[in-house]
Amino acid sequence: MLQLKALCLVLCLTGTVWSADDETSFAGAGATGRGPRVVESGTASECKQDSWPICSDEDWGPKCPSGCRIQGLADKTDKDFSKRIDAIRKALTDSQSTYKTVDITTKETYNLIKDNLIQGQTGEGLYSEVSDDLRRRIVVLKSKVDIQLSRIKSLESSIREQVQTMKRRRSEEHTS
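Residues numbered from 1 in each chain as written. Predicted model: local features only at pLDDT ≥ 70, side-chain atom pairs only at ≥ 80, totals over all residues. Heavy atoms only, no water.

K.L.:
Looking at this structure, how should I read the overall build of the protein?
P.N.:
Across its full length, the protein holds 3 helices and 0 strands. Of the regular secondary structure in the protein, the N- to C-terminal order runs α-α-α. A buried classification covers 6% of the 176 residues belonging to the protein. Carbon and sulfur atoms make up 60% of the accessible area of the protein, which totals about 16100 Å². (Helix = DSSP H or I, 4+ residues; strand = E, 2+ residues; numbered from the N terminus. Buried < 20%, exposed > 50% of the residue type's maximum accessible area, 1.4 Å probe, protein only. Areas by Shrake-Rupley, 256 points an atom, 1.4 Å probe, with all protein chains shown as cover.)

K.L.:
I keep staring at the confidence of the model for the protein and nothing clicks. Help me out?
P.N.:
The predicted coordinates should not be examined in detail at positions where pLDDT is low. The pLDDT averaged across the protein works out to 77; a share of 68% of its residues lies at or above 70. Looking over the protein, one finds the lowest element-wise mean pLDDT in helix α2 (residues 25–28), namely 56, and the highest in helix α3 (residues 68–175), namely 88. (pLDDT = per-residue confidence, 0-100.)

K.L.:
I'm lost on the pattern of salt bridges in this one. Help?
P.N.:
For side chains bearing opposite charge, pairing can occur when the charged atoms are close. Within this structure, the stated rule accounts for 7 salt bridges. One salt bridge in this structure joins R136 and D133, with 3.8 Å as the shortest N-O distance. With R136 and D133 both in helix α3 and 3 residues apart, this pair spans about one turn of that helix. A salt bridge links D133 to R137, with the shortest nitrogen-to-oxygen separation between them at 3.5 Å. Note that D133 and R137 are positioned in helix α3 at a spacing of 4 residues, about one turn of the helix. (Salt bridge = Lys/Arg side-chain N within 4 Å of Asp/Glu carboxyl O.)

K.L.:
Mind showing me how you'd approach a nonpolar patch on the surface here?
P.N.:
Residues M1, L4, L7 and L11 make up a contiguous nonpolar surface patch of roughly 480 Å² in combined accessible area. Structurally, M1 is set in the segment before α1 (2–21). (Patch = residues over 30% accessible without salt bridge, like charges linked within 9 Å, V, L, I, M, F, W, Y side chains within 5 Å.)

Shown next as structure tokens:
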């Protein structure tokens, strides 16, 4: 493992020394490690005009990179963005006024019905108390009805027995 690390170190050092020794044709031509540079035919002295009109592609060559085409495109893009920003501002203003109107209407409506809402809550509490009382009364009545039904059944069976007994006695009197 140690031998492998030493071999890698030697190869790296050798590559570094070899590349620094001689200039290649690439470096001799003026290029650097970052790549070749574009050479424009114009110079900085030709770029004295501040405002350039939009030019055609044929005019591009003699102008400097900050020249007419770039300025024209920047102006066009600036106008486009200004229109978009104005549209967004207008929509924002409309939305803000709509929000304010809706917010004010909501608050006014709430203030108008606030008393009714409070009374409704109170009424719901009263309703639940009354309904609970009625449920209790119904349960009591149901138990009383059940008791009365059982009494009626017992009385009915007692009456049947008495009728049976009377019929038996009559039949005994007739036979005797």
